[in-house]
Amino acid sequence: MPAFDHFALIAPMYARVSYSKVAVMRAVAELPVHGRLLDVGGGTGRVATAIRDLVDDVVIADVSVGMLREAPLSTLQPVCGGSEALPFADESFERVIMVDALHHVIDHAHTAREMFRVLKTGGVLVIEEPDIRTFGVKLIALAEKLLLMRSHFLAPDEIAELFADREKTIRVEDSTAWVIIRK
Ligand SMILES: C[S@@+](CC[C@H](N)C(=O)[O-])C[C@H]1O[C@@H](n2cnc3c(N)ncnc32)[C@H](O)[C@@H]1O
C-alpha cells in the first residue's frame, strides 16, 4: 500500500469512467480466449469489466483497497497486492494486461518480470500506457508531479526494453501506446 493512496480518493469517480479503447485491447490481447486474464493495476475494474465476456475468468490485482472496493465483485476477483511481487504461481494466466498503471508502480523492472512470470507459455501480455512523447501526456505527467503522485512515465520503446530478449511489438494510436509481449 502506498504511503498516501491518491487513488482511494478518486475511486468512486473512476469507477464511472468507461474504457474507450476496447477494440484495440481486444485485438492486441487476442481476445476472446479460453482461460484466465490478470489485470495488474486494474483499479475499479473499469477495463476488466469491458472485456469480461471475452475470457473465462478475470482477476484484478491492485495496491489500492479503495479502488478495489469499487470493483464489481460478482464478476471480477480482486486481489490486493503490488505488481512488484504478484501473489500468483508461475504460468497462471493466459493473458496479462496492465492499463494506465505502469507509470504509477514503484519498480518497472520487477513489475515487468513478475507479469511475464505469471503469464503462461503461449500467452500474451499487453501494457497500455499514455504516450509520454506527446504534449498532452507531458502535461498530465507534470500535473501528477504537482500532486506528488510519484509517477514515472516510460516511452514505448523503453517499456519494450524491459522485455529485452522477448518477442514484442509496439502499437501507437493518438496519445496511447500498447506494448505487446508474447511468451
Ligand atoms: C490510473 S489507475 C488505472 C486503473 C485501471 N487500470 C484503469 O485503467 O481503469 C492506476 C492504478 O494502478 C494502481 N497501482 C499503482 N501502483 C501499483 C502497484 N505497484 N501495483 C499494483 N497496482 C498499482 C493504482 O492503485 C491504480 O488503481
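Notes on the structure in this doc start here. It should be emphasised that the depicted structure is a prediction, and the values quoted were computed from it without experimental measurement.

What counts, and where the lines are drawn
Residues numbered from 1 in each chain as written. Predicted model: local features only at pLDDT ≥ 70, side-chain atom pairs only at ≥ 80, totals over all residues. Buried ≥ 20, exposed ≤ 12 C-beta atoms within 10 Å, placed from the backbone. Helix = DSSP H or I, 4+ residues; strand = E, 2+ residues; numbered from the N terminus. Arc of directions from axis to C-beta. Contact = placed C-beta atoms within 7 Å. Pairing = 2+ DSSP bridges. Right-handed = clockwise from strand over helix to strand, strands pointing away. Core = buried A, V, L, I, M, F, W, Y, C linked by C-beta atoms within 7 Å. Near = placed C-beta within 6 Å. Nonpolar A, V, L, I, M, F, W, Y, C, P; charged D, E, K, R; others polar. Axes fitted to C-alpha atoms, helices over the stretch in contact; angles between N-to-C directions.

### Re helix α5 (residues 108-118)
Because each turn of an α-helix spans 3.6 residues, side chains separated by three or four positions in sequence point in the same direction.
Now for step 1: Listing the buried residues of α5 in full gives T111, A112, E114, M115 and V118. Projected down its long axis, α5 shows its buried positions confined to an angular sector of 165°, all on one face.
Now for step 2: Those residues of α5 hidden inside the fold are in contact with β1 (33-40), β4 (93-99) and β5 (119-130).

### Things to note about the pairing of β4
Walk down a regular strand and you will see the side chains alternate between the two sheet faces.
Now for step 1: Within β4, seven of the seven residues are buried, which leaves the element mostly enclosed by the surrounding structure.
Now for step 2: Alignment of β1 against β4, held across four bridges, turns out to be parallel. Note that in β4 the partner of L38 across the bridge is V96.
Now for step 3: Direction of pairing for β4 relative to β5: parallel, over a ladder of six bridges. Each residue of the ladder has a partner; that of I97, found in β5, is V126.
Now for step 4: For the crossover from β4 across α5 to β5, the handedness is right-handed.

### Notes on the nonpolar core
Now for step 1: In this structure, L38, I60, V96, M98, M115, V126 and V179 are the most contacted members of the largest nonpolar core, which totals 43 residues.
Now for step 2: Other than its neighbours up to four places away in sequence, V126 contacts M25, V28, A29, I97, W178 and I180.

### Re the environment of K138
Now for step 1: Within the fold, K138 resides in helix α6 (residues 135-146).
Now for step 2: Between the alpha carbons of K138 and F153 there is a distance of 9.1 Å; along the sequence they are 15 residues apart.

### So, the site of the ligand
Now for step 1: In the region of the ligand, 20 residues are neighbours, and G41, G43, R46, S64 and S83 sit closest.
Now for step 2: Residues belonging to the shell around the ligand are distributed by class as follows: nine nonpolar, seven polar and four charged.

### Notes on the sheet that holds strand β7 (residues 176-182)
Now for step 1: As summarised here, the arrangement of the seven strands in space is β3-β2-β1-β4-β5-β7-β6, forming an open sheet in which the pairing is mixed. Looking at the sheet topology across the chains shown, the edges are occupied by β3 (77-80) and β6 (167-173). Taking the axes of each pair of neighbouring strands and ignoring which way they run, one obtains an average angle of 20° across the sheet.
Now for step 2: Relative to β7, β6 runs antiparallel, the two sharing seven bridges. Residue pairing in the sheet places E167 in a bridge with R182 of β7.
Now for step 3: Across the sheet, α5 lies against β1, β4, β5 and β7, angled at about 145° from β5, the strand it touches most.

### Some words on unusual backbone geometry
Of all residues except glycine, most have a negative phi; of all peptide bonds, most are trans.
Now for step 1: For the bond running from L31 to P32, omega is 5°, close enough to zero to count as cis.
Now for step 2: Within the secondary structure, P32 is located in the loop between α2 (22-28) and β1.
Now for step 3: Of note in this structure, E30 is not a glycine but carries a positive phi near 55°.
Now for step 4: Within the fold, E30 resides in the loop between α2 and β1.
Now for step 5: One non-glycine residue, D174, lies in positive phi territory at about 50°.
Now for step 6: Note that D174 resides in the loop between β6 and β7.
Now for step 7: Residue classification places D174 among the exposed positions, given that 10 C-beta atoms sit within 10 Å.

### Quick word on the environment of E144
Now for step 1: The topology assignment puts E144 in helix α6.
Now for step 2: When the 17 C-beta atoms within 10 Å are taken as the criterion, E144 is described as partly exposed.
Now for step 3: Considering only alpha carbons, one finds E144 and I180, 36 residues apart in sequence, at a separation of 26 Å.
Now for step 4: Not counting residues within four places of it along the chain, the set of residues in contact with E144 comprises M149 and S151.

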